[in-house]
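So you can see what is in the structure, the chains are spelled out below.
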Amino acid sequence: MNRKMNGERGMSLVEVTIILMVLALLTAVIAPSIDDYIKDARQVKAKEDVEAIGVSLVRMLKDTGAPFPLRSGSVDIADRYKINNRVDLLFGPGNAASIVVADNPVFAPGAASATTSPINWGRAAGAGIESLEAHLVLNTPAYAPPLLTEAALAGSGGPRFGIGWRGAYLSALSADPWGNRYEVNSVMIGVGSDSVDLGWNTDTVVISAGSNSVMNSTFAQAGFAAGVDDIVFVIQGSTR
């Protein structure tokens with residue numbers, strides 16, 4: 001037989017309704033704050049990531065003595081540091097962000113001794129397009145110190161000789177907080193004279209498309225301009 005203990009009673013419908021109304025009100029007040037915290041955390045993470053990638057890439061180039069990221073570290077010493085052995089675009093894991101074609105017809109001029117075809121942020125892996133992981137985490141291609149041959153030293157000024165890859169410079173790489181890849185227009189690293197000769201005045205940057213997953217930044221001969229919510233870390237250049 002069921003019976004209530006002394007002083008115990010059930011909740012009335014009115015009381016339940018009031019409690020539910022209070023919970024709904026608290027949810028309505030708290031939810032936007034939580035959403036703002038999540039958005040802020042993603043922005044902070046992306047800013048930290050682009051800076052870490054930029055600093056790591058600079059460290060790698062300094063250690064190896066390479067003037068720009070190399071497509072191959074095993075070619076003949078006379079050809080190793082030629083512009084046609086330069087990586088044009090580096091990117092990490094994740095999806096390619098949408099591209100505003102009007103803003104990004106190209107981001108680099110090409111160079112006198114290299115391809116002059118447009119390179120944009122939407123490019124997939126291929127000639128001159130390589131992963132950040134290969135250079136900063138795995139050392140593929142290898143940045144081994146080249147042999148100091150007499151023939152190599154006889155060139156105009158001789159090639160640059162570094163001490164070799166001393167990474168890993170990053171322990172791992174991930175997509176940005178919105179699932180898109182971080183990218184570097186590495187075609188502009190160490191080729192200032194080529195850029196000036198062709199009338200360009202732009203930057204090398206590490207970039208995330210941000211929360212809208214659309215690349216809005218512009219690269220033109222007049223310089224670089226970060227767009228909307230793109231998150232950018234400048235590695236080198238003239239347009240701060």
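Model, not experiment: these values are computed from the prediction.

The rules behind each value
- Residues numbered from 1 in each chain as written.
- Predicted model: local features only at pLDDT ≥ 70, side-chain atom pairs only at ≥ 80, totals over all residues.
- Heavy atoms only, no water.
- Helix = DSSP H or I, 4+ residues; strand = E, 2+ residues; numbered from the N terminus.
- Buried < 20%, exposed > 50% of the residue type's maximum accessible area, 1.4 Å probe, protein only.
- Contact = heavy atoms within 4.5 Å.
- Areas by Shrake-Rupley, 256 points an atom, 1.4 Å probe, with all protein chains shown as cover.
- Expected span 1.5 Å × (residues − 1).
- Bend = angle between axes of the 7 residues up to and from the residue.
- Salt bridge = Lys/Arg side-chain N within 4 Å of Asp/Glu carboxyl O.
- Phe/Tyr/Trp six-rings, centres within 6.5 Å; stacked < 30°, edge-to-face > 60°.
- Lys NZ or Arg CZ within 6 Å of the ring centre and 35° of its normal.
- pLDDT = per-residue confidence, 0-100.
- Core = buried A, V, L, I, M, F, W, Y, C linked by side-chain atoms within 4.5 Å.

K.L.:
Tell me about the overall build of the protein, residues and numbers included.
P.N.:
Helix and strand counts for the protein stand at five helices and nine strands. The linear arrangement of helices and strands in the protein, starting from the amino end, is α-α-β-β-β-α-α-β-α-β-β-β-β-β. Taken over 240 residues, the protein has a buried fraction of 41%. Nonlocal contacts in the protein, meaning residues at least 24 apart in sequence, comprise 68% of its contacts between residues at least 6 apart. Taken as a whole, the protein presents about 13,000 Å² of accessible surface, with 58% of it coming from carbon and sulfur.

K.L.:
Now, about unusual backbone geometry: what can you tell me, with residues and values included?
P.N.:
A cis amide bond, omega 10°, links Thr 140 with the succeeding residue Pro 141. Following the sequence through the fold, Pro 141 ends up in the loop between α3 (132–138) and α4 (150–153). Along the chain, Gly 167 connects to Ala 168 via a cis peptide bond; the corresponding omega equals 10°. Along the chain, the position of Ala 168 falls in the loop between α4 and β4 (183–184). The backbone phi angle of Asn 139 is positive, close to 60°, even though this residue is not glycine. By the element assignment, Asn 139 lies in the loop between α3 and α4. Even without being glycine, Ser 213 reaches a positive phi, approximately 55°. Mapped onto the fold, Ser 213 is located in the loop between β5 (203–208) and β6 (214–215).

K.L.:
Account for the environment of Leu 90, with residues named and values stated.
P.N.:
Mapped onto the fold, Leu 90 is located in strand β1 (residues 89–91). Apart from residues no more than four positions distant in its own chain, Leu 90 is found in contact with Leu 57, Pro 69, Glu 130, Ser 131, Leu 132, His 135, Tyr 182, Glu 183, Val 184 and Ser 186.

K.L.:
For helix α1 (residues 13–64), give the residues involved together with the corresponding values.
P.N.:
Here α1 is 52 residues long and its end C-alpha atoms lie 74 Å apart, about the 76 Å a rise of 1.5 Å per residue gives. Ile 30 marks where α1 bends most, by close to 30°; the proline Pro 32 follows one to four residues later. Turning to α1, its buried residues are Ala 46, Asp 49, Val 50, Ile 53, Gly 54, Ser 56, Leu 57, Met 60, Leu 61, Asp 63 and Thr 64.

K.L.:
Help me get a handle on the pattern of salt bridges, residues and values and all.
P.N.:
Going through the model one piece at a time under the given rule, you end up with five salt bridges. Between Arg 71 and Asp 88 there is a salt bridge, with the nearest N and O atoms lying 3.6 Å from each other. Highlighted residues: Arg 71 in the loop between α1 and α2 (77–80) and Asp 88 in the loop between α2 and β1, separated in sequence by 17 residues. Overall, the relative accessible area of 4% leaves Asp 88 in the buried class. The salt bridge partner of Asp 88 is Arg 86, with a shortest N-O separation of 3.6 Å. One network of salt bridges, in which partners are shared, links Arg 71, Arg 86 and Asp 88.

K.L.:
Could you give me a rundown of the packing of aromatic side chains, with the residues and numbers involved?
P.N.:
For the coordinates displayed, the defined rule picks out one aromatic pair. Each ring, one from Trp 165 and one from Tyr 169, has its centre 5.5 Å from the other, and the planes form 85°; the classification is edge-to-face. One residue, Arg 181, lies across the ring of Phe 91, its end atom 3.7 Å from the ring centre.

K.L.:
Could you give me a rundown of the confidence of the model for the protein, with the residues and numbers involved?
P.N.:
Chain-level pLDDT for the protein is 76 on average; 70% of the residues reach the 70-or-more range. Mean pLDDT across the elements of the protein bottoms out in helix α5 (residues 192–197) (47) and peaks in α3 (94). In this model residues 109–118 is a low-confidence stretch, pLDDT under 50, and it forms 20 contacts with partners more than four residues away in sequence or in other chains. Every residue in residues 193–199 scores below 50 in pLDDT, and together they form nine contacts with partners more than four places removed in sequence or on other chains.

K.L.:
Let's hear about the nonpolar core: which residues, and what values?
P.N.:
Ranked by size, the top nonpolar core spans 28 residues in total, and within it Ile 53, Leu 57, Met 60, Leu 132, Leu 136 and Val 184 carry the most contacts. Those elements giving two or more residues to this core turn out to be α1, α3 and β9 (231–237). It is α1 that provides the largest number of residues to this core, a total of six residues. Leave out the neighbours within four places in its chain, and Leu 132 touches Ile 53, Leu 90, Phe 91, Gly 92, Val 137, Leu 173, Tyr 182 and Val 184. Ranked by size, the runner-up nonpolar core spans 10 residues in total, among them Ala 97, Trp 121, Val 205 and Phe 224.

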